[in-house]
Each structure stands twice: as structure tokens, then as C-alpha cells.
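Here is what each chain is made of, one letter per residue.
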Amino acid sequence: MVETARLAACVRAERDRAETLFETMRSLSFDGIGITRPAYSAAESRVHEALAHEARALGLEVTRDFAANTYMTRRGRDPLRPAILIGSHLDSVRQGGNFDGAAGVVGGLIALAALDAAGVRPDCDLTVMGVRAEESAWFNVSYIGSRAALGRLPAEALTARRVDTGRDLASHLAEAGGEPGRIAAGEAFLDPTRIRAFLELHIEQGPLLESEQIPVGIVTGIPGNFRHPDVRVRGEWGHVGLLRDWRRDALLAASEFALALDRLWSERQRPGREMAATIGRFGTDPALHALTKVPGEVAFSLDVRSCVADDLAELEGEVARLARDIAARRGVTFEFGPRTGVPPGPMDPEILGGFERCAVALGIRTRRLGSPASHDAAAFAAAGIPVGMLFTRNANGSHNPAEAMRMDDLLDATAILAGWIAEQAGR
Ligand SMILES: [Zn+2]
């Protein structure tokens, strides 16, 4: 097995390549203020092509699937062994930053370059995947590229319209060289039994690592959620002079629900089992409400998320119980309406432990943390593939031009990633 410290030195020697790749991507998608790479846009395609160009220069094989994802592969000694995939997305939100997503693809490429320079001959294929269309800001659909590659994108997603052009996903996908018909048919490009692990490196989107001055985070899980976009609380419209005991006030009932939900969150919150409950929209109907009326109906949205499937199921039960109690006491009804949800993306405990071992061997400080946001890795976990994820420290949040990842931190995270790959596949 290759010496970890030597491999880390080879990763550090890749600094110029990483900086040049980020500069190239910036120049291909700068919008005057930040970075704009819409899902299945020309800007996103240009960035895929630039990275494929670099991959060919590194001697990697470049292929593309029918969802226009890019795969850059170093062939392993044994073609029958399941491959290790390293990947993240290359699209961005409007006026976003240059590191959200792209850091994971650049990290993957320099990991492969460093493994090669260190003389590691992997026993299985190592593939860097540039994923399309992860940002749900464009089509209001999550994990489009990764789920399509795995044959798990529902056909109806192809009719979703991009928020800026009004054209559907199928036509944008075809324009970018994809084949929507094969996605609609549920065809899979990736076979989960042929994938040993999916590894994703991503900037942290919250302030935890920055505030604790820790360069790399080891992700414990990606949250799943249940959502009700349109909850209705129905009571009875009444005159402002109506006495308290005769009121069926929908606004007080809904408010009580919101505060009880917040209390539930604060009681349940535990380190490593992060959850969140958000009522993003809340109100009475402006066409009906008035200064002199007791509110008879309130509508709100509900998003509850947790990294732990059991916690999520329990929370769903608790939410229903809260609503029943309040409804009985206040003489109102709660109608939760349509429900959507995705399961949590659990991380593989062995990969997690392996990352920690490599970090200790390299003297890199890390901490475990749950991901508050969604990532492609969750789509791979849902397909039953062992998944591991690293965050790099990043100031100023993400989805904005001020994202501030340090190159040293990316190299540290990449060294851990490369160290794990060498340990698993380098013999
Ligand atoms: Zn991202």
C-alpha cells in the first residue's frame, strides 16, 4: 500500500491544476456578478467539455450517458471489480459561486492525477462523474442527472418546465445531447451492483467548520423530508365581537401548531441527529380576511427534514398528533393535502470510519456533521450504493458569488479521499 504522506504530497502538487480548472470554469460561466450555469444550458455543457478536455490530457477515458452526465475513468487492473465513483454537480444557481458542486469534480480529477503520480494502480475502475442538473432551482426537481443515470428519475419529471425558459426538461436535455426517451423508459446507465462506493466532496453550505476553524467535515447523513405544500386549517369566519368560547379561530390554531412544532424541534434536536421544521408560507386569504373578522381559514406550507429515517417517521406521527390535539381543543380541522417526501441518504459507516482513519494519519483535523442540504450522494444511497461524503470549510455560505473555499482545504479533503481510495483499491 502506498504511503499516505507521499500520496498527500502528490495531491498538494496538484494545486496549480485545481486553480486553473476553477479559473477556466469561472471564465466560461461568469454572469457579470457571479456564476450562472443553469441545468442543461450551454454554460453547463461548456464546463463539462472543459473538464473532459483536462481528463483526456490526464489519460482518462471520457464517456457520456443519455442524461448528458460526464464520466472520466482510469481503468483498473481488474475490469470485473465494481468501480469507485467520485462525483458532484456542475450546474449552479443563478448568480451562484464557483465552488458549490464543481469542487467535488475538480477534487475527483486531482485525486486521480495524484494517485497516478504516486504510482497507485487501482484494482478497480476509478471514475469521476460530472453530474448534470442537481440544483432544483431550475426545474423544481431534485437530483435529475444522478437519478436519470441510475434509471430512477420518474418519467413525469421530463415534463417539468425550466423556471426561466418555460421549456420542458425533455427539450433542454435533448439540446444538451441527452436522450429523454431512454430516461422515460426507465433505462439505467449505472448498475448499482457494479459500483463499490460513491464519494462526494462538497463545500459546506453552513458556517460550522468555518466557525470552529476545522478544514474538513465528515458527513454523517443527508436529510430526507416530508413536505405538505398546502396545509389548510379550517375553522369558522366570525364577527370580531364574538365571545372567546364561541370562536373557531383558524389563525390561532395554525399559530399554536407552528409554535408547538418549534418546541418539538428544540426538544428533539440532538448532535448528529439534526432535523429542521419550516413553515415557509403562512397566511389568511387576502380576499376574505379583514380587521373585523375572526379568521376562518389559514393556509401554510410545511417542510420537515431529518437525517435519520426513524426520527423522520416519528416526527411525522408527532406532527399528526399535534394537529389532532389542537383541532379538538379549538374546534377546527387540519387538512394536510398532498404529501411529497424523500428518504434520508445515510452514509456508509465503514467509509466514514475510513475517512477518519486517513485524516488522522495525515494530521488533518475533521469533525462529523450532518448535511442540512440535499446532495447527489443521496440519490446513490437511495439506490443501495455505499456512500461517503466530505465537506470543505467555506466562508460566506453558498449559492452566492462570495463563496470562499480555501485551496488548502480542498487539497486536504482530496488527500483524505485519495488516501481512502488507495487503502481500498491500491493493493
Ligand atoms: Zn451543491
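What counts, and at which threshold
Residues numbered from 1 in each chain as written. Predicted model: local features only at pLDDT ≥ 70, side-chain atom pairs only at ≥ 80, totals over all residues. Helix = DSSP H or I, 4+ residues; strand = E, 2+ residues; numbered from the N terminus. Rg over C-alpha atoms; globule rule 2.2 N^0.38 Å. Buried ≥ 20, exposed ≤ 12 C-beta atoms within 10 Å, placed from the backbone. Contact = placed C-beta atoms within 7 Å. Pairing = 2+ DSSP bridges. Domains from an automatic or database assignment. Nonpolar A, V, L, I, M, F, W, Y, C, P; charged D, E, K, R; others polar. Expected span 1.5 Å × (residues − 1). Arc of directions from axis to C-beta. Axes fitted to C-alpha atoms, helices over the stretch in contact; angles between N-to-C directions. Parallel < 35°, antiparallel > 145°, perpendicular 65-115°, else oblique. Left-handed = near helix turned anticlockwise from the far one by under 90°. Core = buried A, V, L, I, M, F, W, Y, C linked by C-beta atoms within 7 Å.

Enquirer: How should the overall build of the chain be read in this particular structure?
Expert: Regarding its fold elements, the chain presents 13 helices and 20 strands. What you see for the chain is a C-alpha radius of gyration of 24 Å, in line with the 22 Å of a compact globule of 427 residues. Expressed as lengths along the three principal axes of its C-alpha atoms, the size of the chain is roughly 80 × 45 × 40 Å. Relative to its full complement of 427 residues, the chain shows a buried share of 47%. By sequence separation, contacts in the chain at least 24 residues apart represent 79% of the contacts at least 6 residues apart.

Enquirer: Even after reading the chapter, I still don't get unusual backbone geometry, so can you show me in this structure?
Expert: With glycine set apart, most residues show a phi of negative sign, and most peptide bonds adopt trans. The phi dihedral of tyrosine 40 is positive, around 60°, even though this residue is not glycine. Its place among the elements puts tyrosine 40 in the loop between α2 (15–29) and α3 (42–57). At tyrosine 143, a position not held by glycine, the phi torsion is positive, near 50°. According to the C-beta neighbour criterion, tyrosine 143 is buried, with 27 such atoms within 10 Å.

Enquirer: Looking at this structure, how should I read the pairing of strand β6 (residues 216–219)?
Expert: Each regular strand carries side chains that alternate between the two faces of the sheet. With burial as the criterion, each face of β6 is covered, one bearing Val216 and Ile218 and the other bearing Gly217 and Val219. Relative to strand β18 (residues 387–392), β6 is paired through three bridges, and the arrangement is antiparallel. Bridging across to β18, glycine 217 finds its partner in phenylalanine 391.

Enquirer: Is there a simple way to think about the domain arrangement of the chain in this case?
Expert: A common measure of how large an interface is: the accessible area buried when the components associate. For the chain, the assigned domains are domain 1 (4–222 + 344–425) and domain 2 (224–342). Relative placement of domain 1 and domain 2: their C-alpha centres are 37 Å apart. Listed by partner, the interface residues are seven residues for domain 1 and nine residues for domain 2. Looking at side-chain class alone, the side of domain 1 that touches domain 2 contains three nonpolar, three polar and one charged residues.

Enquirer: Is there a simple way to think about α3 in this case?
Expert: Because an α-helix completes one turn every 3.6 residues, residues spaced three or four positions apart along the sequence face the same direction. Here α3 spans 23 Å end to end across 16 residues, near enough to the 22 Å set by a 1.5 Å rise per residue. Those residues of α3 that fall on the buried side of the exposure criterion are Glu44, Val47, His48, Leu51, Glu54 and Ala55. Burial along α3 is one-sided: seen end-on, the buried residues are contained in an arc of 125°. Exposed residues pointing more than 90 degrees away from the buried face of α3 are listed as His53, Arg56 and Ala57. Contacts from the buried residues of α3 go to α2, β1 (61–64), β2 (70–74), α4 (102–117) and β4 (126–131). Looking one or two residues beyond α3, the residue adopting positive phi is glycine 59, at roughly 80°.

Enquirer: I'm lost on the sheet that holds β2 in this one. Help?
Expert: The strands making up a sheet associate through hydrogen bonds between their backbones, and the pairing can be parallel or antiparallel. One open sheet accounts for eight strands, arranged β1-β2-β4-β3-β5-β18-β6-β17; its pairing is mixed. Of all strands in the sheet, those with a lone pairing partner are β1 and β17 (366–369), marking the two edges. Adjacent strand axes in the sheet meet at a mean angle of 25° when their direction is disregarded. Both strand β3 (residues 83–89) and β4 contribute to a ladder of six bridges, which runs parallel. Paired with isoleucine 84 across the two strands is leucine 126, which belongs to β4.

Enquirer: Sorry, what's going on with the packing of α4 against helix α13 (residues 407–425) here?
Expert: Think of two packed helices as two axes; the pair is described by the angle between the axes and how far apart they sit. Running from N to C, α4 and α13 cross one another at 55°; their axes reach a closest spacing of 9 Å. What the angle tells us is that α4 and α13 run oblique. Taken as a pair, α4 and α13 cross one another with a handedness that is right-handed. Mapping the contact onto sequence places Ala103, Gly107, Ile110, Ala111, Ala114 and Leu115 in α4 and Leu410, Ala413, Thr414, Leu417, Ala418, Ile421 and Ala422 in α13. Its residues placed into classes, the contact of α4 with α13 shows eleven nonpolar, two polar and no charged.

Enquirer: Help me out: how do you make sense of the nonpolar core in this one?
Expert: Across soluble globular proteins, nonpolar side chains show a tendency to be buried alongside one another. Ranked by internal contacts, the top residues of the largest apolar core, which has 118 residues, are Leu390, Ile416 and Leu417. Here this core spans two domains, and each of domain 1 (4–222 + 344–425) and domain 2 (224–342) adds at least three residues to it. Look past the residues within four positions of isoleucine 416 in its chain and what remains in contact with it is Val216, Phe355, Cys358, Ala359, Leu362, Ile364 and Leu390.

Enquirer: Explain the pairing of β2 here, please?
Expert: By the criterion of burial, β2 is predominantly enclosed, with four of the five residues buried. Pairing of β1 with β2, which is carried by four bridges, proceeds in the antiparallel orientation. What sits directly across from threonine 63, in β2, is tyrosine 71. Hairpin connection between β1 and β2: a loop of five residues separates the two successive antiparallel strands, and alanine 68 in this loop has a positive phi of roughly 65°. Here β2 runs beside β4; their pairing, made up of five bridges, is antiparallel. Directly across from tyrosine 71, in β4, lies its bridge partner methionine 129.

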